[in-house]
Amino acid sequence: MSDALVTIRAAGPGDAEAIAAIYAPLVEKTIISFEERPPSAAEMAERIRQVQRDHPYLVAERDGVVLGYAYAGPHRARPAYRHSVDVTAYVAESARGKGVGRQLYEALLTELARRGFHAAFAGIALPNPASVALHEAVGFRHLGTYREVGRKFDQWHDVGWWQRLL
């Protein structure tokens, strides 16, 4: 699989089903997401619409197949935080480890800088060495860790926080 053939573009309503399919197993089987019920395609379409009001929501595709997605949202609600965002990226299992996540993040971070955002933050449920490696490869630095902040699958989980100035 050649990374050069991946197209990064803005997500649209027609991508919701593919995005929901990528996300569902991460919700159901892992601690990568702290959601406990996978959103439906209709819920995902609404999330895409909400995010795109003020922030980018991107997909990576090859030959018309969505391989992953990345988006940004507000870091916190108060006005002084308006120049900071939280970011996330998810890649289909079949496309992991092939540069798709990195391409998504590079495009997302470039677009955020173009729009005038100043700082990007990423929370990573730990342990997740692949996500840590991805974030650090695109310039994020570890800030600290919230200990036992989330409970899923009857266990407490830590969340590490990473930051990149744009």
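Residues numbered from 1 in each chain as written. Predicted model: local features only at pLDDT ≥ 70, side-chain atom pairs only at ≥ 80, totals over all residues. Heavy atoms only, no water.

### Some details on the side chain of Asn 128
Moving on, step 1. Its place among the elements puts Asn 128 in the loop between β5 (119-126) and α4 (129-137).
Moving on, step 2. Looking at Asn 128, the relative accessible area reads 14%, which means it is buried.
Moving on, step 3. Engagement of the side chain of Asn 128 in a polar contact is seen with the backbone nitrogen of Ser 131, the distance being 3.1 Å. (Helix = DSSP H or I, 4+ residues; strand = E, 2+ residues; numbered from the N terminus. Buried < 20%, exposed > 50% of the residue type's maximum accessible area, 1.4 Å probe, protein only. Polar contact = N/O pair within 3.5 Å; in protein donor to acceptor, adjacent residues only side chain to side chain.)

### Observations regarding the pairing of strand β2 (residues 57-62)
Moving on, step 1. Among the six residues that make up β2, six are buried, leaving the element largely enclosed by the rest of the structure.
Moving on, step 2. In the sheet, β2 pairs with strand β3 (residues 65-74) via six bridges, with the strands oriented antiparallel. Within β3, the position partnered with Val 59 by the bridge is Tyr 69.
Moving on, step 3. Connecting the antiparallel pair β2 and β3 is a turn made up of two residues, with Asp 63 showing a positive phi of about 55 degrees. (Pairing = 2+ DSSP bridges.)

### What about the packing of aromatic side chains?
Moving on, step 1. For the structure shown, the criterion picks out seven aromatic pairs.
Moving on, step 2. An angle of 10 degrees between the planes, with centres 5.9 Å apart, marks the rings of Tyr 57 and Tyr 69 as stacked. Note that Tyr 57 is positioned in strand β2 and Tyr 69 in strand β3, a separation of 12 residues in sequence.
Moving on, step 3. Each ring, one from Tyr 105 and one from Phe 140, has its centre 5.9 Å from the other, and the planes form 45 degrees; the classification is tilted. With a gap of 35 residues between them, Tyr 105 in helix α3 (residues 100-114) and Phe 140 in the loop between α4 and β6 (141-152) connect regions that are remote in the sequence.
Moving on, step 4. For Tyr 105, a relative accessible area of 0% translates into the label buried. (Phe/Tyr/Trp six-rings, centres within 6.5 Å; stacked < 30°, edge-to-face > 60°.)

### What about unusual backbone geometry?
Moving on, step 1. Cis geometry is found at the peptide bond from Leu 126 to Pro 127, where omega equals 5 degrees.
Moving on, step 2. With respect to the secondary-structure elements, Pro 127 resides in the loop between β5 and α4.
Moving on, step 3. In this structure, Asp 63 is a non-glycine residue whose phi angle is positive, near 55 degrees.
Moving on, step 4. The exposure class of Asp 63 is exposed, given its relative accessible area of 75%.

### As for the sheet that holds β3
Moving on, step 1. With respect to topology, seven strands assemble into an open sheet ordered β1-β2-β3-β4-β5-β7-β6, the strand pairing being mixed. The open sheet is flanked by β1 (7-10) and β6, the only strands paired with a single partner. Within this sheet the neighbouring strands show an average axis-to-axis angle of 25 degrees, counted without direction.
Moving on, step 2. Note: β1 against β2, four bridges, orientation antiparallel. In the strand pairing of β2, Ala 10 is matched with Leu 58.
Moving on, step 3. Running at roughly 155 degrees to strand β4 (residues 84-91), α3 makes contact with β1, β2, β3, β4, β5 and β7 (155-165) of the sheet. (Axes fitted to C-alpha atoms, helices over the stretch in contact; angles between N-to-C directions. Contact = heavy atoms within 4.5 Å.)

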